[in-house]
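Residue-level structure breakdown
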Amino acid sequence: MAEVTLKNIFKSFGSQVALSDVSMTVPDSSFVVLLGPTGAGKTTTLRLVSGLDKPDSGTILFDGVDIVAQSPAQRNVAMVFQQYSLYPHLSVRENLAFPLKSPILRTPAEEITRKVEAVAETLQISRKLDNKATELSGGEMQRVSIGRALVRSPRVYLMDEPLSSLDAKLRSDLRIELKRIQASLGATMLYVTHDQTEAMTMATHVGVLDLGKLVQFGTPREIYEDPVSIYAASRLGAPKINILPADLFPGAPAGAASIGLRPEHIRTGKGREAQVIRVEYLGDQTRLHLKLDNQNLVTLAEAHTRIQPGSCLKIAPQSPLYFGPDGERIKS
Amino acid sequence: MSGYSVTEPSKRQKWIAGVLVITYALVTLMPLLWVIATGFKSPADSIAYPPKVVFHPSLEGYVNLFTTQTRITPDMKATLTPPQTWYERIVRNKGMMIAGPSRYGQRFLNSIIIGFGSTFFSVFLGTLAAYAFSRFRVPIKDDLLFFILSTRMMPPVAVAIPIFLMYRQLGLSDTHLGMILLYTAVNLSLSVWLLKGFIDEIPQEYEEAALIDGYTRFQAFYKVVLPQAATGIASTAIFCLIFAWNEYAFAVLLTSGTAQTAPPFIPTIIGVGGQDWPAVAAGATIFLLPVMIFTIMLRKHLLRGITFGAVRK
Ligand SMILES: Nc1ncnc2c1ncn2[C@@H]1O[C@H](COP(=O)(O)OP(=O)(O)OP(=O)(O)O)[C@@H](O)[C@H]1O
Ligand SMILES: [Mg+2]
């Protein structure tokens, strides 16, 4: 496995800037999740690392060696595409065996059989091995696509929203399975997702992208507890962080324009009086939608709370985050 | 499956459609059936009026097609041995004897060599060019594609004279190579454009996946793109073959002996004492077979249609 370093990467498509001065180091055996809204440049980053696209400028290093001039095959990377493209003229088994039969691997036949069946088992698609690739559901196609990456032992795994069209149960099964495989192989993984549970549970590091810029790179905990901006703070956490005018509560530092309060960072019982608008019972927790000075905010209550809509509640911030008018974090 | 379905036509609709299709097929197939039937008529039946629909089948036309014959003179009669084979017997019955094979077989072989040879090169070169135009950034791509198409904007025969002179200079007249080159050049524009359309339809993601899976671009091309372009390649091959197979004007102009193809030869089949229509019809019938067989062989690829993909759009 390899350490992947991106240095000052720029990439544009015509006038559309896809990546702008992105630098990051993906340590060996780490699981890096890229977060960002649609169009942020996540897929572009993976394509540059894979070698399908070349950066306009900047370098990409594997274990300190510049590989920008190398072909995808030479780089020895495996990729799960966002639009999982299975070879339609081949069966599932042949699709999974395809990378193993490549001229650089030339795997012996019985080893191919063994690996393909093991991967199919892991991904719960053993029954479909002899189907044609076109005779699968979307979720099955996606799993075959993951399988085509997992049969190999590449230097880096690149996965672009690999679990997006699976049902919740399968998704949580495979989340654990993927994490287990990555950890046991000591694989380096670059992983794109919109699902924040995936980001929090699987990542050793999270990279937050915004309009082609890497705004923050750190452990999930750092991003969650110590975000550099409103934007980074909003990537993680469900329900989302409450962003309110700084003067709503006393104690804001000079220059602060907004205060960021995670739902669990709102203390009840004292402070300012807010009105309960809506109560959402979710089984393991209950969400309270509150209104304070015409601002909406969400907080958590214990699962079996008796609070009713229309009642009033005193709230105060606890370890709040402050942001300047430009959205940047102000550390007090 | 029974009951009401939005997409499945009802029994009645199918029945009406079937009748219409069969009627249309019969009308359009009439000339073809006529030719095939004439090949099995005797010369007398072939020009009978009103035309005979029911007739006594005869292989005389086919025998005349493949042989040259001479009239038996009275003094030869004495020395002649009795006929050995069924075709000799047919010939003897009309007072003739077989002098040797005709040139039809050789002309037919020329057609096969030139037709399939030029089809192979048209499709081979066309596929490579179409792939390059479809996938790579080719300088002045649009102009090149337009130029390729423009070679078909006038009938090929319009350049017959220059080609005739050029071929005479180059020693390509009446050679197999010359005809293969010519038909390939004419067909190439069709094959590049047709195949580019088919290859454009194949999502690039497949090749990208193959590149990641450890294959070179060329390997990705023949392992992933070619199988999916099979439909396009098959239909392009059929179009190219049909053109090269039926081409008449250039064949008349540029070939006379060694490399003459069947189309200019068939009309020259003349029997003793008038046009031998059954022999001409027999020649035409046999001439139809290769294209028919080729099309039937490739039918599987044509009918399968473009693979509806496993790429999520
Ligand atoms: N081949 C291309 N041609 C032109 N523009 C492109 C191309 N690929 C990406 N872009 C542009 O680059 C930007 C980044 O795209 P990218 O695919 O990396 O986004 P993403 O973060 O993967 O988004 P999503 O979550 O929707 O997949 C977008 O603005 C997109 O329009
Ligand atoms: Mg993407």
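Quick note: structure is the one above.
Per-chain numbering applies: the sequence of each chain, read as written, is numbered from 1 onward. Following the order in which they are written, the chains are lettered starting with A and the ligands numbered starting with 1. Two thresholds apply to this predicted model, a pLDDT of at least 70 for residue-level local features and 80 or more for giving and counting side-chain atom pairs, whereas whole-chain, interface and lining totals are computed over all residues. The basis for the side-chain values is all heavy atoms of the structure; hydrogens and waters are excluded.

With that settled, the discussion passes to the overall build of chain A. Of the regular secondary structure elements, chain A holds nine helices and 18 strands. Across its three principal directions, the C-alpha atoms of chain A cover 70 × 45 × 35 Å. Put simply, chain A has 332 residues, and 52% of those count as buried. Put simply, 63% of the contacts in chain A that link residues at least 6 apart link residues at least 24 apart. Here the Shrake-Rupley method, with its probe set to 1.4 Å, supplies the accessible areas, and only the displayed protein chains count as covering residues. Put simply, chain A shows about 14400 Å² of open surface, and 49% of that area lies on carbon and sulfur atoms. Where the 38 positive side-chain charges of chain A centre and where its 35 negative ones centre are 1 Å apart. Numbered from the N terminus, helices here are DSSP runs of H or I no shorter than four residues, and strands are runs of E no shorter than two. Using a 1.4 Å probe on the protein chains alone, a residue whose accessible area is under 20% of its type maximum counts as buried, one over 50% counts as exposed, and one in between counts as partly exposed. Residues count as neighbours in contact if any of their non-hydrogen atoms are within 4.5 Å of one another. Asp and Glu are treated as the negative residues and Lys and Arg as the positive ones, with His and the ends of the chain left uncounted. Charged groups are reduced to one reference atom each: NZ for lysine, CZ for arginine, CG for aspartic acid, CD for glutamic acid.

What follows is about the packing of aromatic side chains. We call Phe, Tyr and Trp rings a pair once their centres come within 6.5 Å, taking the six-membered ring for Trp, and we label the pair stacked below 30 degrees between planes, edge-to-face above 60, and tilted otherwise. With the rule as written, the count across this model stands at 18 aromatic pairs over all chains. Here the aromatic rings of Tyr87 of chain A and Phe98 of chain A are separated by 4.4 Å at their centres, their planes lie at 50°, and the arrangement is tilted. With Tyr87 of chain A in the loop between strand 6 (77–80) and helix 3 (92–97) and Phe98 of chain A in the loop between helix 3 and helix 4 (109–122), the pair connects residues that are 11 residues apart, well separated along the chain. Residues Tyr183 of chain B and Phe243 of chain B carry aromatic rings whose centres are separated by 6.0 Å and whose planes lie at 85° to one another, so their mutual orientation is edge-to-face.

Residue and element names in this part refer to chain A. Excluding water, the donors of a metal are its N, O and S neighbours within 2.8 Å, or within 3.2 Å for Na, K and Ca, and that exclusion means sites may look incomplete. In the first shell of the magnesium ion (ligand 2), the protein supplies Thr43 (OG1) and Gln82 (OE1), at 1.8 to 2.2 Å from the metal. Here Thr43 is found in helix 1 (residues 42–50), whereas its partner Gln82 is found in the loop between strand 6 and helix 3, with 39 residues between them in sequence. Using a relative accessible area of 27% as the deciding quantity, one classes Gln82 as partly exposed.

Residues and elements named next belong to chain B. Viewed as axis vectors pointing N to C, helix 7 (residues 141–150) and helix 9 (residues 176–201) meet at an angle of 130°, and their least axial separation amounts to 8 Å. If you check the angle between helix 7 and helix 9, you find them oblique. Crossing geometry of helix 7 relative to helix 9 is assigned as left-handed. Counted together, Leu145, Phe146, Ile148 and Leu149 of helix 7 and Ser189, Val192, Trp193 and Lys196 of helix 9 form the full contact between these two elements. The axes used here are C-alpha line fits, helices contributing only the stretch in contact, and every angle between their N-to-C directions lies in the interval 0 to 180 degrees. In what follows, roughly perpendicular refers to angles from 65 to 115 degrees, roughly parallel to angles under 35, roughly antiparallel to angles over 145, and oblique to any angle outside these ranges. By convention, the crossing between two helices is left-handed when the near helix turns anticlockwise from the far helix through less than a right angle, and right-handed when the turn is clockwise.

Moving on, we come to the sheet that holds strand 14 (residues 286–292) of chain A. Residues and elements named next belong to chain A. In spatial order, the strands read 15-14-13-16; together these four strands make up an open sheet with antiparallel pairing. Whereas interior strands pair on both sides, the edge strands pair on one side only; in this sheet they are strand 15 (295–301) and strand 16 (312–317). Between one strand axis and the next, the sheet turns by 50° as a mean value, whatever way the strands run. For two strands to be treated as a pair, DSSP must find no fewer than two bridges joining them. With seven bridges connecting them, strand 14 and strand 15 associate as antiparallel partners. Bridge pairing in strand 15 links Leu290 to Leu297.

Time to look at the pattern of salt bridges. One side-chain nitrogen of Lys or Arg within 4 Å of one carboxyl oxygen of Asp or Glu is enough to make a salt bridge. Scanning the model with the defined rule gives 23 salt bridges over all chains in all. With a shortest N-O distance of 2.9 Å, Arg272 of chain A and Asp293 of chain A are connected by a salt bridge. Note that Arg272 of chain A is positioned in strand 13 (residues 266–281) and Asp293 of chain A in the loop between strand 14 and strand 15, a separation of 21 residues in sequence. Take Arg272 of chain A: its relative accessible area is 28%, and that puts it in the partly exposed class. Bridged by salt links that share partners, the residues Arg47 and Asp53 of chain A together with Glu208 of chain B form one connected network.

All names here are of chain A. Near residues are defined by distance, with any heavy atom within 4 Å of the molecule or strand qualifying the residue. Among the 14 residues in the neighbourhood of ligand 1, the closest are listed as Thr38, Lys42, Thr43, Thr44 and Gln82. Definition of a polar contact: a pair of N or O atoms within 3.5 Å, with one able to donate and the other able to accept a hydrogen when the atoms are protein atoms, and with sequence-neighbouring residues admitted only if both atoms are side-chain atoms. Between ligand 1 and Thr44 there is a distance of 2.5 Å, counted from an oxygen atom to a side-chain nitrogen or oxygen. For ligand 1, whose unbound accessible area comes to 630 Å², protein coverage reaches 64%. Looking at the shell around ligand 1, the elements that each hand over two or more residues are strand 2 (16–26) and helix 1. Here the shell around ligand 1 gets three residues from one element, more than from any other, and that element is helix 1. Side-chain classes are defined by residue name, with Ala, Val, Leu, Ile, Met, Phe, Trp, Tyr, Cys and Pro counting as nonpolar, Asp, Glu, Lys and Arg as charged, and the others, Gly among them, as polar. Here the shell around ligand 1 is built from residues that sort into four nonpolar, eight polar and two charged.

The subject of this paragraph is the interface of chain A and chain B. Across the contact, 30 residues belong to chain A and 21 residues belong to chain B. On the chain A side of the interface with chain B, the three residues burying the most area are Gln83, His89 and Phe98 of chain A, jointly 23% of the side's total. Here chain A is connected to chain B by two salt bridges. Taking the shortest distance from any N to any O, the salt bridge between Arg47 of chain A and Glu208 of chain B comes out at 2.8 Å. In this assembly, chain A and chain B are joined by eight residue pairs in polar contact (both at pLDDT 80 or more). Of all elements in the fold, only helix 1, helix 2 (72–75), strand 6 and helix 5 (138–150) of chain A reach the threshold of two or more residues within the side of chain A that touches chain B. Partitioned by chemical class, the residues of the side of chain A that touches chain B number 17 nonpolar, nine polar and four charged. Throughout, the accessible surface (probe 1.4 Å) given up by two parts as they are put together, summed over both, is called the buried area.

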